[in-house]
Amino acid sequence: MTDEIHDNKELKRYELKVGDQVAVVTYNLSEPNLMITETLVPEALEGQGIASRLATHVLADAKERGLLILPVCPFFSSYLQKHPEHAEAVHPTYRGILGI
C-alpha cells in the first residue's frame, strides 16, 4: 500500500493510491472552511481502514492550515462522532449538529 496521501488541488480531493485503485475524500475549499463532501473507497479496498486513514490525514492537514471542517459527508460525520478528540477542527455549527 502506498503511504502517501496527496491533496490533488486541481480535482479538489485528497487521494490515496492503493495498487491500481484510488480512494478519495472530495472537498470544497472556502477559507477558512474546508467542506468535506464525500469519501469514496473502492469496494475491493473496503474494510482495511483506508477511509479512517484519509480522515485522520485530512483533519491533521486542516489543523495545520488553520481550516475548519464542514463535514457534510456521512462517513466523515460518523468518524467525527466516534472521535470527538478532533472537535476543535470542526466548525462550531457542525459541532452542535454532531453533538461533539
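Residues numbered from 1 in each chain as written. Predicted model: local features only at pLDDT ≥ 70, side-chain atom pairs only at ≥ 80, totals over all residues. Heavy atoms only, no water.

### Some words on the nonpolar core
With 29 residues, the main nonpolar core has L34, I36, I50, V58, I69 and F76 as its most contacted residues. When residues of this core are traced back to their parent elements, those giving at least two are β2 (13–18), β3 (21–30), β4 (33–40), α1 (50–65), β5 (68–71), α2 (74–82) and α3 (92–98). Setting aside residues no more than four positions away along its own chain, F76 makes contact with V25, I36, T39, A55, V58, L59, I69 and P71. (Core = buried A, V, L, I, M, F, W, Y, C linked by side-chain atoms within 4.5 Å. Buried < 20%, exposed > 50% of the residue type's maximum accessible area, 1.4 Å probe, protein only. Helix = DSSP H or I, 4+ residues; strand = E, 2+ residues; numbered from the N terminus. Contact = heavy atoms within 4.5 Å.)

### Quick notes on the sheet that holds β4
Taking strand neighbours across the sheet as the criterion, the 5 strands line up as β1-β2-β3-β4-β5 in an open arrangement whose pairing is mixed. Only two strands of the sheet have a single partner each, and these edge strands are β1 (5–8) and β5. Each strand of the sheet is rotated relative to its neighbour by a mean of 30°, with strand direction disregarded. Contacts from α2 reach β3, β4 and β5 within the one sheet, and its direction differs from that of β5 by about 120°. (Pairing = 2+ DSSP bridges. Axes fitted to C-alpha atoms, helices over the stretch in contact; angles between N-to-C directions.)

### Digging into the pairing of β4
In this structure, β3 lies alongside β4, joined through 7 bridges in antiparallel fashion. Counted as the bridge partner of L29 is L34 from β4. With antiparallel pairing between neighbouring strands as the criterion, β3 and β4 make up a hairpin whose turn holds 2 residues. Judged from the 4 bridges that link them, β4 and β5 form a sheet pairing that is parallel.

### Let's talk about the environment of R13
Within the secondary structure, R13 sits in strand β2. Assessed through its relative accessible area of 25%, R13 is described here as partly exposed. Taking the C-alpha atoms as reference, R13 lies 10.0 Å from V58; in sequence the two are 45 residues apart. Excluding residues within four positions of it along the chain, R13 makes contact with H6, D7, N8, V24, V25, T26 and Y27. In this structure the side chain of R13 is engaged in a polar contact, spanning 2.7 Å, whose partner is the side chain of E15. (Polar contact = N/O pair within 3.5 Å; in protein donor to acceptor, adjacent residues only side chain to side chain.)

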